[in-house]
Amino acid sequence: MFVRLTSIRRNVLLLFIVAGIISYQWTRRVPVEQKRTHVGQGLVANSSQFTLEGKPFRILGGSIHYFRVPKAHWEDRLLKMKACGLNTLTTYVPWNLHEPERGVFDFQDNLDLEGYLSLAAELGLRVILRPGPYICAEWELGGLPSWLLRDKNMKLRTTYLGFTEAVDSFFHQLMKRVVPYTHSNGGPIIAVQVENEYGSYAKDTEYMSFIKEALLSRGITELLLTSDNQNGWTLGGVNGALETINLQKMNPAVINYLEEIQPQRPKMVMELWSGWFDLWGGLHHLFPAEDMVAVVNGIMQQEMSINLYMFHGGTNFGFMNGAAAVGLPAPKPMVTSYDYDAPLSEAGDYTTKYHLLRKLFSPYHTQPLPDVPLLRRRSAHQPLVLMQHLSLWDSLPFTGKPYRSSTPVNMENLPVNNNNGQSYGYTLYETTITSGGTLHSMNNIRDRALVFLNKHFVGVLDYTTLELPLLEEKGERTLSLLVENCGRVNYGITLDEQRKGLVGDITLNKKPLRDFLIHSLDMKADFVNRLQSSGHWKSLRHRPAFPAFLQAKLYMDGTPTDTFLKLPGWSKGVVFINGKNLGRYCSIGPQQTLYLPGPWLHKGTNQVMVFEEQEADGKIQFASGPDYGMTVDVQ
């Protein structure tokens, strides 16, 4: 039946429809049964114990970073957290993923922070949000976007105008998405952290006040916190925020310090390090379960609140691993796995720590804990033979137009990605030489370069090897340096120095080289897809010329499950699955497997591509469990 509506009736109907859509969208984000209509008082820290909605509340928290876990697995991980007896989820927010180019914001798919907060609310978990802008987290540049370093005068984590303007722009976008999920608006966020471990940096006495006001002025009304390790206890606080501490093992000085600066206020360990991170070329760190749980029990006996960092570590997918520099002669990159020896493993398995913690936390609840969710099935596929290859040199037409420069240009200042520079991956620098002699890096390679003459490999330059001999030959030759950003330092006072590629002159016989052709190889998804669909691939009947891309098809005849890749006989490189960057592998270990989430695969044919720098076995093996290499206990 067709009804002719008057203008007024049409407008009224339109209002009802719009209101319905808004209501529907909100209830999809936070279900009606979880969105509190009568909002009580938020988290308060005015006595020796926290109160929430007027009742005593002890924070039993755990860190799970949404950006390190496939979105399809979020619910599984959070249900396992709740079944362990935790009541609060903590997460960082990675600025460098959410704003990959200045003014370009991404909150979709695995970066759907609103969806993550909504899921936490639906499952009855409170949230402590740690939005940075600096997050450390063993994450590339501590979560700061590399395009900030295009400014040669940049002073990160200070009130330098170029930094504060960028923070304001990001927080404007972030907070309008976050504020609707705060407790005062019926959401799960009960506290927000101001920056992160600033006491260990402490280059600007006005900076923490700036970050605090940046939060308050954009609608954050929940309890504010700071967190610092022992190196920064006395320098990381800010008026109006409760100070908390980060540690691995308790000592009386911790309690005495908090009691002295905040008498009769709640005490909280914001980060109880449940394990530790691993570096390429090192060992896999373990914090024995009984020792870790004993520390947790000691904290509980002191009637303190606690957050387990990490409860579930996840994975440094792509090129997003950080690097360690403090106390080392040169930076060393983090491995791809962020298993962290956490209570819930990289693939979501229960550990001894998990079961001991569940037993420890259970008496602190008035109701029985939820049943432990069933584990997800995993598979170990038959070895996959790589069928085709394409040399690095043959891939260059798919990288975009190269850039010519008389002098070397660092990655961040290349005129690529809408003049935001190159953030991650490799950069190829090529020039012409007419003699042999001594090639010297002048320590200007960040971080590692494969060196070629007329496409033939001649050696590696890095922080420890600064020079290479080049044989004399007549005529012109092409000198190529494939420079890898192995991961920017994520902690310490050298953040301003994390430019990558060639950051200054390199010399041949003490004379600076000039006239470079520079190719950006950030290996983003569009490049990977163009490469895979090209008709330039060669059969592996012909020996590959390395560096090379190798590819094959993985067929799945049912619903894909999680698995692990193994690459024995390979040297160093990166694996791509259906265009997604799984992460780096390296024969020096300790990590020997790469976690492949089932949701990254699909039924039927899957595209597998590997970029290998120097040597390939020709096949990929699979395993149902991880191999993180030889171990060492944390000290």
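Below: a short report on this structure. (Residues numbered from 1 in each chain as written. Predicted model: local features only at pLDDT ≥ 70, side-chain atom pairs only at ≥ 80, totals over all residues. Heavy atoms only, no water.)

## Concerning the overall build of the protein chain
And then number 1: On a plain count of helices and strands, the protein chain comes out with 11 helices and 37 strands.
And then number 2: Compactness check: the protein chain gives a C-alpha radius of gyration of 26 Å against a globular reference of 26 Å for 635 residues, within 12% of the reference.
And then number 3: Each principal axis of the C-alpha atoms in the protein chain carries an extent, and together these give about 85 × 75 × 50 Å.
And then number 4: For the protein chain, with 635 residues in total, the buried portion stands at 58%.
And then number 5: Taking the intrachain contacts of the protein chain between residues at least 6 apart in sequence as the baseline, contacts between residues at least 24 apart amount to 79%.
And then number 6: If you sum the accessible surface of the protein chain, you get close to 26400 Å²; carbon and sulfur atoms cover 52% of it.
And then number 7: Across the protein chain, the mean location of the 61 positive side-chain charges is 6 Å away from that of the 60 negative side-chain charges. (Helix = DSSP H or I, 4+ residues; strand = E, 2+ residues; numbered from the N terminus. Rg over C-alpha atoms; globule rule 2.2 N^0.38 Å. Buried < 20%, exposed > 50% of the residue type's maximum accessible area, 1.4 Å probe, protein only. Contact = heavy atoms within 4.5 Å. Areas by Shrake-Rupley, 256 points an atom, 1.4 Å probe, with all protein chains shown as cover. Lys, Arg positive; Asp, Glu negative; His and termini not counted. Charge placed at Lys NZ, Arg CZ, Asp CG, Glu CD.)

## Section: the sheet that holds strand β12 (residues 305-312)
Strand pairing within a sheet occurs via backbone hydrogen bonds; the two strands may be parallel or antiparallel.
And then number 1: If you trace the 8 strands once around the closed barrel, you get β4-β5-β6-β7-β8-β9-β10-β12, paired in parallel fashion. Averaged over all pairs of adjacent strands, the angle between strand axes in this sheet comes to 30 degrees, irrespective of strand direction.
And then number 2: Where strand β10 (residues 268-273) meets β12, 4 bridges bridge the pair, whose relative direction is parallel. For Met 268, the partnering residue across the bridge sits in β12 and is Ser 305.
And then number 3: Contacting β4 (60-64), β5 (88-92) and β12, helix α2 (residues 74-83) runs over the sheet at an angle of about 155 degrees to β4.
And then number 4: Strand contacts of helix α7 (residues 252-261): β9 (242-247) and β10, with the helix running at about 170 degrees to β9, the strand carrying the most contacts. (Pairing = 2+ DSSP bridges. Axes fitted to C-alpha atoms, helices over the stretch in contact; angles between N-to-C directions.)

## Details of α2
And then number 1: Counted residue by residue, α2 has 7 buried out of 10 residues, so it is predominantly covered.
And then number 2: Residues Trp 74, Asp 76, Arg 77, Leu 78, Lys 80, Met 81 and Ala 83 constitute the buried set of α2.
And then number 3: Buried residues along α2 sit against β4, β5, α4 (113-122), β12, α9 (352-361) and β34 (593-596).
And then number 4: Once α2 ends, the next one or two residues include Gly 85, with phi positive near 100 degrees.

## With respect to the pattern of salt bridges
And then number 1: Evaluation of the coordinates by the stated rule reveals 22 salt bridges.
And then number 2: The partner of Arg 584 in a salt bridge is Glu 484, and the shortest N-O contact between them spans 2.7 Å. Residue Arg 584 is found in strand β33 (residues 580-586), and its partner Glu 484 is found in strand β24 (residues 477-484); the two are separated by 100 residues along the sequence.
And then number 3: On the accessibility criterion, Glu 484 (1% relative accessible area) is buried.
And then number 4: Residues Asp 526 and Arg 530 are paired through a salt bridge, measuring 3.8 Å at the closest nitrogen-oxygen approach. Placement of both Asp 526 and Arg 530 in helix α11 (residues 525-532) is noted, with a separation of 4 residues, approximately one turn of the helix. (Salt bridge = Lys/Arg side-chain N within 4 Å of Asp/Glu carboxyl O.)

## Concerning the packing of aromatic side chains
Each pair of aromatic rings is reported with the distance of its centres and the angle of its planes.
And then number 1: If you walk through the whole model with that rule in mind, you get 29 aromatic pairs.
And then number 2: With 6.1 Å between their ring centres and 55 degrees between their planes, Trp 95 and Phe 163 make a pair best called tilted. Of this pair, Trp 95 sits in helix α3 (residues 95-98) while Phe 163 is found in helix α5 (residues 161-178), placing the two residues 68 residues apart along the sequence.
And then number 3: Between Tyr 198 and Tyr 201, the aromatic rings sit 6.0 Å apart at their centres with planes inclined by 55 degrees, giving tilted as the arrangement. (Phe/Tyr/Trp six-rings, centres within 6.5 Å; stacked < 30°, edge-to-face > 60°.)

## Some details on the sheet that holds strand β27 (residues 511-512)
And then number 1: Here 4 strands make up an open sheet; going across it, the order is β23-β19-β26-β27 and the pairing antiparallel. Pairing within the sheet leaves two strands with one partner each, and these edge strands are β23 (467-470) and β27.
And then number 2: Summarising the sheet, strand β26 (residues 507-508) and β27 pair through 2 bridges and their orientation is antiparallel. Note on β27: the bridge partner recorded for Thr 507 is Pro 512.

## A few points about unusual backbone geometry
And then number 1: A cis amide bond links Tyr 309 to the next residue, Met 310, at an omega of -5 degrees.
And then number 2: For Met 310, the position within the fold is in strand β12.
And then number 3: Of note, the amide linkage connecting Phe 546 to Pro 547 takes the cis form, showing an omega dihedral of 0 degrees.
And then number 4: Here Pro 547 lies in the loop between β29 (538-539) and β30 (548-556).

## Examining the nonpolar core
And then number 1: Grouped together as the largest cluster of nonpolar side chains are 125 residues, with contacts concentrated most on Leu 272 and Val 296.
And then number 2: Counting residues per element, this core draws most heavily on α5, which supplies 8 residues.
And then number 3: Setting aside chain neighbours within four positions, we find Val 296 in contact with Leu 272, Ile 306, Leu 308, Leu 357, Leu 360 and Phe 361.
And then number 4: The next biggest cluster of nonpolar side chains, apart from the first, holds 29 residues, and it includes Leu 550, Leu 554, Leu 567 and Val 575. (Core = buried A, V, L, I, M, F, W, Y, C linked by side-chain atoms within 4.5 Å.)

## Describing helix α6 (residues 207-216)
And then number 1: In terms of burial, α6 is largely enclosed, as 7 of its 10 residues are buried.
And then number 2: When α6 is considered as a whole, its buried residues turn out to be Tyr 207, Met 208, Phe 210, Ile 211, Lys 212, Ala 214 and Leu 215.
And then number 3: The secondary structure elements touched by the buried residues of α6 are α5, β7 (189-193) and β8 (223-228).

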